[in-house]
Amino acid sequence: MNRARGADGKHRRQRVAPGAGAAMVAVLAFALGACQSGGAGQGSPTPLTIADAPTHYESALEDVRVAITGAAGQGDWFALPVEAALPEAPGGQCAYRSELWRSSLDLTKVDAWPQVVEAINPVLAANGFATTTGPESNSSGWTQVRVKDANGATLTLRTKEHTELVITGAVVDDGQGPCPAGVRPSR
């Protein structure tokens, strides 16, 4: 029960629906968490640990590859022999970079962008990335989609005769200060 003042200035008891207090606490906790995390692609990064970044981002890439393959009806993805890396980011933190994934599929030639965008948006959101309205062309001739997450990561999906998928710039934390030189994330 809540107390409220009546017209005469005296406190009156006011009934509140059962469970309303718990529901309000849950809503406020969710809102506070969203404000602290900065939301997808907004605010300052909330770093993952070096140990968590590879699992988190490789899982997101796998989900996006599956969505693209389902939408385009084909896909022969393979990782290029480029090792995931942790270059130093501003402020001495580490910036995770995933392996680069490639497919012989050219999304522009098979006119699959609308279906791909529709398929990847729920996957992007489920993995903490902003969604996209569609691809844009860049000065190098690639048609691409670039979206960010709250950790500063940029997921890039681009196509020009083949399709590439990579995550770069995810701020990660080793828990010990500046990014250790030459460190590679474990798998």
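Conventions we followed
Residues numbered from 1 in each chain as written. Predicted model: local features only at pLDDT ≥ 70, side-chain atom pairs only at ≥ 80, totals over all residues. Heavy atoms only, no water. pLDDT = per-residue confidence, 0-100. Contact = heavy atoms within 4.5 Å. Axes fitted to C-alpha atoms, helices over the stretch in contact; angles between N-to-C directions. Helix = DSSP H or I, 4+ residues; strand = E, 2+ residues; numbered from the N terminus. Parallel < 35°, antiparallel > 145°, perpendicular 65-115°, else oblique. Left-handed = near helix turned anticlockwise from the far one by under 90°. Nonpolar A, V, L, I, M, F, W, Y, C, P; charged D, E, K, R; others polar. Salt bridge = Lys/Arg side-chain N within 4 Å of Asp/Glu carboxyl O. Buried < 20%, exposed > 50% of the residue type's maximum accessible area, 1.4 Å probe, protein only. Phe/Tyr/Trp six-rings, centres within 6.5 Å; stacked < 30°, edge-to-face > 60°. Lys NZ or Arg CZ within 6 Å of the ring centre and 35° of its normal.

With that settled, consider the confidence of the model for the protein. Mean pLDDT over the protein works out to 74, with 61% of the residues at or above the 70 mark. Considering only residues more than four positions removed or in separate chains, one finds that residues 11–42, a stretch of pLDDT under 50, has 32 contacts.

This paragraph deals with the packing of helix H2 (residues 53–72) against helix H3 (residues 113–126). Packing of H2 against H3 leaves a shortest axis separation of 8 Å and a crossing angle of 155°. Of the possible angle classes, the one that applies to H2 and H3 is roughly antiparallel. When the axes of H2 and H3 are compared, the crossing they make is right-handed. The segment H2 lies against H3, with Asp63, Val64, Ala67, Ile68 and Ala71 engaging Gln115, Val116, Ala119, Ile120, Val123 and Leu124. Across the contact of H2 with H3, the residue classes tally to 9 nonpolar, 1 polar and 1 charged.

On to the pattern of salt bridges, then. Oppositely charged side chains can pair when the atoms bearing their charge come close. Summed over the entire model, instances satisfying the criterion amount to 3 salt bridges. Residue Glu164 pairs with Arg158 through a salt bridge whose shortest N-O separation is 2.8 Å. For Arg158, a relative accessible area of 26% translates into the label partly exposed. Residues joined by salt bridges that share partners form a network here, namely Arg102, Arg158 and Glu164.

A few words now on the packing of aromatic side chains. Enumeration according to the criterion identifies 2 aromatic pairs in this entry. Between the NZ or CZ atom of Arg65 and the centre of the ring of Trp101, over which it lies, the distance is 3.6 Å. Its guanidinium or amino end placed over the ring of Trp142, Arg158 lies 4.0 Å from that ring's centre, counting from NZ or CZ.

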